[in-house]
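Residue-level structure breakdown
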Amino acid sequence: MDFLREMGRSLRLSAALWLLTAVIYPVILLLAGAALPFQANGSLITTDQGQVVGSALIGQPFTSDRYFWPRPSAIAYSTDPQVAKTGISGASNLAPTNPALAERIATEKQRLQQAGIEPTGDLLYSSGSGLDPHISPASAIAQLDRVARARQVPPDQLRSLIDQATDRPFLNLFGEPGVNVLKLNLALDRLNS
């Protein structure tokens, strides 16, 4: 009797899990993909010509004075072919007392100061994932004069681009505002074309 009861329970549990994983979950994914196609397809950003240039969720390296710089990345935003193959993300895992971390931060601070940028926290420190596409509005404004000089554009015009590229906190309650560097730099390119 116990065997039959346990067998029935196992079959009901298997049927419930099959229904959940083989029917309900795929239907939810299809509905979500139809309702939110931009997010479901990786939040890909395209140029005006339709060419995919990146994702709104993953940072990219910019080093030219003509562009706003992102925060540093422990993995160099997957520009290393070995890293790009494996899709590695993550922090450097250097402890705060590690001399290599202090040296990297000192080097970054010196580079920013030489470019006339007041170093901010997110321009000095990498994110935990190493892929963060955002900088704070203060970090974008700290770079404003450098980009304005390089592009020969009035700083006020760049301020409006920074405002347009700023993602607001969710429901104006959760998180901090962040400037998506890729979106901002694409807007810069459209401005000069």
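Up top is the structure these notes are about.
Residues numbered from 1 in each chain as written. Predicted model: local features only at pLDDT ≥ 70, side-chain atom pairs only at ≥ 80, totals over all residues. Heavy atoms only, no water.

Structural notes on the overall build of the protein
Along the backbone of the protein there are 9 helices and 5 strands. Put simply, the protein has 193 residues, and 31% of those count as buried. Here the analysis covers contacts within the protein between residues at least 6 apart in sequence; of these, 57% occur between residues at least 24 apart. (Helix = DSSP H or I, 4+ residues; strand = E, 2+ residues; numbered from the N terminus. Buried < 20%, exposed > 50% of the residue type's maximum accessible area, 1.4 Å probe, protein only. Contact = heavy atoms within 4.5 Å.)

Description of the packing of aromatic side chains
Tallying each qualifying case throughout the model produces 2 aromatic pairs. When the ring of phenylalanine 62 is compared with that of tyrosine 67, the centres are 5.3 Å apart and the planes differ by 40 degrees; the resulting orientation is tilted. For the pair formed by phenylalanine 62 and tyrosine 67, the shared burial category is buried. A cation over a ring is seen here: arginine 111 above tryptophan 69, with NZ or CZ 4.3 Å from the ring centre. Above the plane of the ring of tyrosine 67 lies arginine 151, whose end atom (NZ or CZ) is 4.9 Å from the centre. (Phe/Tyr/Trp six-rings, centres within 6.5 Å; stacked < 30°, edge-to-face > 60°. Lys NZ or Arg CZ within 6 Å of the ring centre and 35° of its normal.)

Some remarks on the sheet that holds strand β3 (residues 134-135)
The antiparallel open sheet is built from 3 strands, whose spatial order is β3-β5-β4. Of all the strands in the sheet, just β3 and β4 (166-167) have a single pairing partner and so form its edges. Sheet topology places β4 next to strand β5 (residues 178-180); 2 bridges connect them, and they run antiparallel. Note on β5: the bridge partner recorded for threonine 166 is valine 179. (Pairing = 2+ DSSP bridges.)

Observations concerning the pattern of salt bridges
All told, the structure shown has 6 salt bridges when counted by the stated rule. Salt-bridge contacts for arginine 5 lead to aspartate 2; the nearest nitrogen and oxygen are separated by 2.6 Å. Note that arginine 5 and aspartate 2 are positioned in helix α1 (residues 2-35) at a spacing of 3 residues, about one turn of the helix. Classification of arginine 5 by relative accessible area gives partly exposed; the value is 49%. Across the salt bridge formed by glutamate 6 and arginine 9, the nearest N and O atoms sit 3.4 Å from each other. One end of the pair, glutamate 6, and the other, arginine 9, are both in helix α1, 3 residues apart, so they sit about a helical turn from each other. By relative accessible area, arginine 9 is classed as partly exposed at 45%. (Salt bridge = Lys/Arg side-chain N within 4 Å of Asp/Glu carboxyl O.)

A look at helix α7 (residues 144-151)
Along α7, the residues classified as buried are Leu144, Arg146, Val147, Ala148 and Arg151. In the segment just after α7, glutamine 152 is the residue with positive phi, at about 55 degrees.

Quick word on the pairing of strand β2 (residues 52-55)
One face of the sheet, then the other: side chains in a regular strand alternate in exactly this way. Sheet analysis places strand β1 (residues 44-46) next to β2, joined by 3 bridges and oriented antiparallel. In the strand pairing of β2, isoleucine 45 is matched with glycine 54. Hairpin connection between β1 and β2: a loop of 5 residues separates the two successive antiparallel strands, and glycine 50 in this loop has a positive phi of roughly 90 degrees.

Any link to function would need more than the numbers given here.
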